[in-house]
Each structure stands twice: as C-alpha cells, then as structure tokens.
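# Reading the structure
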Amino acid sequence: MPFTMATCVTFTHHILLSKPSSIFLHSTKPFISKSQFLRRRYKSTQTLASSLLQLGGLQISKQDVVKDEPTNNVPDLIFTKLGLQLHRRDDHPLGILKNAIYEYFDTNYNNQFHKFDDLCPIVTTKENFDDVLVPADHVSRSYNDTYYIDAETVLRCHTSAHQASLLRKGYTNFLVTGDVYRRDSIDSTHYPVFHQMEGVRVFGPSDWNDSGMDGTSYAANDLKACLEGLARHLFGAVEMRWVGSYFPFTNPSFELEIYFQEKWLEVLGCGVMEQEILNRGGQTDNVAWAFGLGLERLAMVLFDIPDIRLFWSTDKRFTSQFTKGQLGIKFKPFSKYPPCYKDMSMWINDSFTENNLCEIVRGVAGDLAEEVQLIDNFTNKKGMTSHCYRITYRSMERSLTDEEINELQWNVRDQVQRQMNVELR
C-alpha cells in the first residue's frame, strides 16, 4: 500500500527518536521515548488540542514539528499550513487544475496512471535528497533553503521525494500531487508553501525494441509527445518550444515553454530518469521519464490570479468565484486596498541571508507582507556592508490602519535585531 498521511506518525516517531547529525549543533534536550510520545499524543487538554493535526485519523502535535532546538527551523506559520491540502479541494483553482490534468492522463492513457495526492509531507533527508541524487553540496540541502524538523527529517521540498518509494513498490505509471515547502523570498509569485505534481512513466525493453531507437531516445520522444498534449489540453493551440536544462535526477533534461499572452512561459521541467534511480528501485532493465510542475505557476496564468497569497484566502469573494470542473474562469479582483511601504536599513554580517530575513517578516506579519525588496546596498571604507530593504504591507481583504502597520514594522525590526544579530541603521 502506498505511503499515506496516516504514516506521518511513523516519521514522527523517527523524528523523536533519531540521533541528530553532526552537520547541525547538537541539542542538549533528550528525545522522548515512543511510549511517552503516545501518551502525550492522546492527552486531551484544550491547549494541546488547539495545536494538533488530524492526519490519517492520527494526531500529531505542533511540538513534534516545531521545536526549540538548533536542528529545527520550522516556524509556527508553516505548521498552520500542514494538512490544509488545497489541491484536494475540487472547487479551488489548484484542485480544478489538478483534476484537469488527471482528465488528460485518464483519457489518453486509459486510466493507467495511479494517482497519489495524500502522501505525508514529512520525509527523511534520504527520500528528499539522496534517493533523487541531489548532490551533497547542493544549495537545496542548506538550512537556508529547506525546513528541517531535525537533521534527518524535513518537510518535503518537492513531490519527487516519493519517487523512489513508489518505484520500489512496483508502480510504473503514477502522478503524485502535494504541498511542498521551501524557505523563499516574499513577492507576488513566491510563497513558502506551494503545490507540485510529479509524473513518472516506466518502459521495458519490449516497448522500444521494435522502434529503431534506444530506450533513452524512446522515452524522451514519448515524454515530449505526452507533455505537448497536456499543454494543448490546458492552454489550447499554443506555440511551444523545448529548452535544454539540468536536474540532478534526469538526463537528458528539458523545460517546456509555451507562447501565451504574448510572452514565453515556462510550464514544467522534465527528462529521462537517471538510471541509478531506476536501479535502486528494482527497475534495472527499464527506462523512465519524469516531469514536475508547479500548480500555482500555471493556475495564476489560467485563472488570472495576480498574487500567490490569494490561493490561501478564505474570503468568499475569492472562493465563490470558482466552480468544480471549470478550468480557466478569470478571477475578478474584489479589492484594491492601498499598500504601505516601510524601509529598514542594517549593517549585515557574514551569516546574513535574505531568506532568514523573509522568515522573520512572515513570522511577524504573515500574509500581510506582500513583498520584501532590496532597494540599496553599499560597502563602506571599513568593509562594512549595508542593506536597505523595502517591506510592502497590504491586506487583500481590508485596509490596514497606520497603527497596525507601525506595530508590525517595530516588531519586525525588534526580531531582526534579536535573531539576526545585525545593527539597524
């Protein structure tokens, strides 16, 4: 049976019992035992219940994901997104798009593709990185880019984290959709939680032996034909082009771009799966293709949604505009509330990163933070570097008061100085 949300608790047991890696500072707090965890998990107090997740009928507490220890960098805001699964809501733009893609594969491949959209987002670093051949020094492994629960457990950065497990279970045609997590910048197209779909198709020698092509060429041709058909299914008769690319887990690798609304738009990345991944999955004589696409990126274009934060809105003026099965309904803006700009200058140090700054701003302001932009920087004669950031605050649902914005900005300044050890100017 495929790995589902119910097995999150298995990972939680691993989280609580595993030994921290030397790549992070070791915590002085002992890990609790499995029996202690189970007792705590079923403790029914009002305080604890407010921070419990129901995942597959089991409960996981906030304390199992957000920890006050050096190996953990998951903030409260990210915990609140776990389990929401926007992609499983049939009348949400992401769910509508997912189902439209399902329809394409069901129709053109006679329901051969197994679909998984409820796999647990808590995975091991082996699954997230090693199993898909992400190099040991790749930037995506860094504490700056990935949410670590502990040194060996993360919130998945991509749906590819489930690829090897499904191959080992014998699946040869599958689609995996889910929420993924990355520490990122703050603007209209970036958010620390978004949604991906992964597709994999495996071929045996009997598929390509009579084609006059080797397995890699056969898989690449099939991949391009499949994805060109998907692009036409979603966008209509559009001009397309293939661009060579690089991904650790495919070779050759490609990106598909379409000419849409008078500009070239990147739709997805894909390629022929690295043979080592197939070998590890017990598919030694086979070849495969794989693709990955971001649902928000495509939905923003198809539905004319201008800001990625809107996908998380519960405002009926947003949610009521979309209907199950109706792809491409154009979003009608329901508000034009004014932005407020606040600048913050600081002398930075060697450990400063913009992602860390954005995490602090999000932690204080949440979705009221619309953008964080570097507007000035210089280095003085003493070798000290100054950065000036402009923070844009705006609600998509109401006007913010001066008092609210000033309080947010003062809290941001305070937390930046405390947590980042910078000197504000």
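Reference entry: report on the structure contained in this document. On a predicted model such as this, the values are computed, not experimentally measured, just so you know.

Another point: the overall build of the chain. Looking only at helices and strands, one finds 14 helices and 16 strands in the chain. Taking all 425 residues of the chain together, the buried fraction comes to 53%. In the chain, of all internal contacts separated by at least 6 residues, the share reaching a separation of at least 24 is 66%.

Spatially, β3-β7-β8-β12-β11-β10-β9 is the arrangement adopted by the 7 strands of the open sheet, whose pairing is mixed. Each edge of the sheet is formed by a strand with only one pairing partner; in this case those strands are β3 (114-116) and β9 (239-247). Across the sheet, the axes of successive neighbouring strands diverge by a mean angle of 20°, strand direction being ignored. Judged from the 9 bridges that link them, strand β7 (residues 173-181) and strand β8 (residues 193-203) form a sheet pairing that is antiparallel. Note on β8: the bridge partner recorded for F174 is V200. On the sheet, helix α9 (residues 215-235) packs against β8, β9, β10 (250-260), β11 (263-273) and β12 (287-294) and is oriented at approximately 30° with respect to β12. Where helix α11 (residues 295-302) meets the sheet, it contacts β7, β8, β10, β11 and β12, and its direction lies at approximately 55° from that of β12.

This part covers the pattern of salt bridges. Evaluation of the coordinates by the stated rule reveals 18 salt bridges. R280 is the partner of E276 in a salt bridge, and the nearest nitrogen-oxygen pair spans 2.6 Å. Residue E276 and its partner R280 are located together in helix α10 (residues 275-280), separated by 4 residues, close to a single helical turn. According to the relative accessible area criterion, E276 is partly exposed, its value standing at 39%. For D307, the salt bridge identified is with R309, shortest N-O distance 3.0 Å. Residue classification places R309 among the buried positions, given a relative accessible area of 3%. Three or more residues are tied together by salt bridges with common partners; here these are R88, K98, D117 and D118.

This part takes up the sheet that holds strand β16 (residues 423-424). A sheet is described by the order of its strands in space; here 4 strands give the open sequence β14-β15-β13-β16, paired in antiparallel fashion. For this open sheet the edge positions go to β14 (369-379) and β16, each flanked by a neighbour on one side alone. Taken together, the 2 bridges between strand β13 (residues 340-348) and β16 define a ladder with antiparallel strand orientation. The partner of M346 across the bridge, within β16, is L424. On top of the sheet, helix α13 (residues 354-365) reaches β13, β14 and β15 (385-393); it is set at about 140° to β14, its chief contact. Its contacts with the sheet put helix α14 (residues 402-420) on β13, β15 and β16, and the angle it makes with β13 is roughly 15°.

Between its first and last C-alpha atoms α14 spans 26 Å; for 19 residues at 1.5 Å apiece the expected length is 27 Å, and the two agree. Along α14, the positions that sit buried rather than exposed are I405, L408, Q409, V412, R413, V416 and M420. For α14, the angular spread of the buried residues around the axis is 135°, confining them to a single face. Facing away from the buried side of α14, by more than 90 degrees, are the exposed residues E403, E407, W410 and R418. Tucked into the core, α14 has its buried residues touching β13, α13, β15 and β16. Following α14 by one or two positions, N421 has its phi on the positive side, about 55°.

β10 sits mainly inside the fold: 8 of its 11 residues count as buried. Where β9 and β10 come together, 8 bridges link them in antiparallel fashion. Residue M240 lies in a different strand from β10, and its bridge partner there is I258. The antiparallel pairing of β9 with β10 creates a hairpin that spans 2 residues between the two strands. The sheet contact formed by β10 and β11 spans 9 bridges and is antiparallel. Bridge pairing in β11 places E255 opposite G269. Connecting the antiparallel pair β10 and β11 is a turn made up of 2 residues, with Q261 showing a positive phi of about 55°.

This paragraph deals with the side chain of N286. As for its position among the elements, N286 is in the loop between α10 and β12. For N286, the side chain forms a polar contact with the side chain of Q283, separated by 2.6 Å. Ignoring any residue separated from it by four or fewer positions in sequence, one finds N286 in contact with V202, F203, G204, P205, W208, Q275 and L278.

Our focus in this paragraph is unusual backbone geometry. Between N251 and the following residue, P252, the backbone shows a cis peptide bond with an omega angle of 0°. Within the fold, P252 resides in strand β10. Despite not being glycine, Q85 has its phi angle at roughly 50°, a positive value. You can see Q85 is positioned in the loop between α4 (76-79) and α5 (93-108). By relative accessible area, which is 12% here, Q85 ends up buried.

Scoring rules and cut-offs
- Residues numbered from 1 in each chain as written.
- Predicted model: local features only at pLDDT ≥ 70, side-chain atom pairs only at ≥ 80, totals over all residues.
- Heavy atoms only, no water.
- Helix = DSSP H or I, 4+ residues; strand = E, 2+ residues; numbered from the N terminus.
- Buried < 20%, exposed > 50% of the residue type's maximum accessible area, 1.4 Å probe, protein only.
- Contact = heavy atoms within 4.5 Å.
- Pairing = 2+ DSSP bridges.
- Axes fitted to C-alpha atoms, helices over the stretch in contact; angles between N-to-C directions.
- Salt bridge = Lys/Arg side-chain N within 4 Å of Asp/Glu carboxyl O.
- Expected span 1.5 Å × (residues − 1).
- Arc of directions from axis to C-beta.
- Polar contact = N/O pair within 3.5 Å; in protein donor to acceptor, adjacent residues only side chain to side chain.

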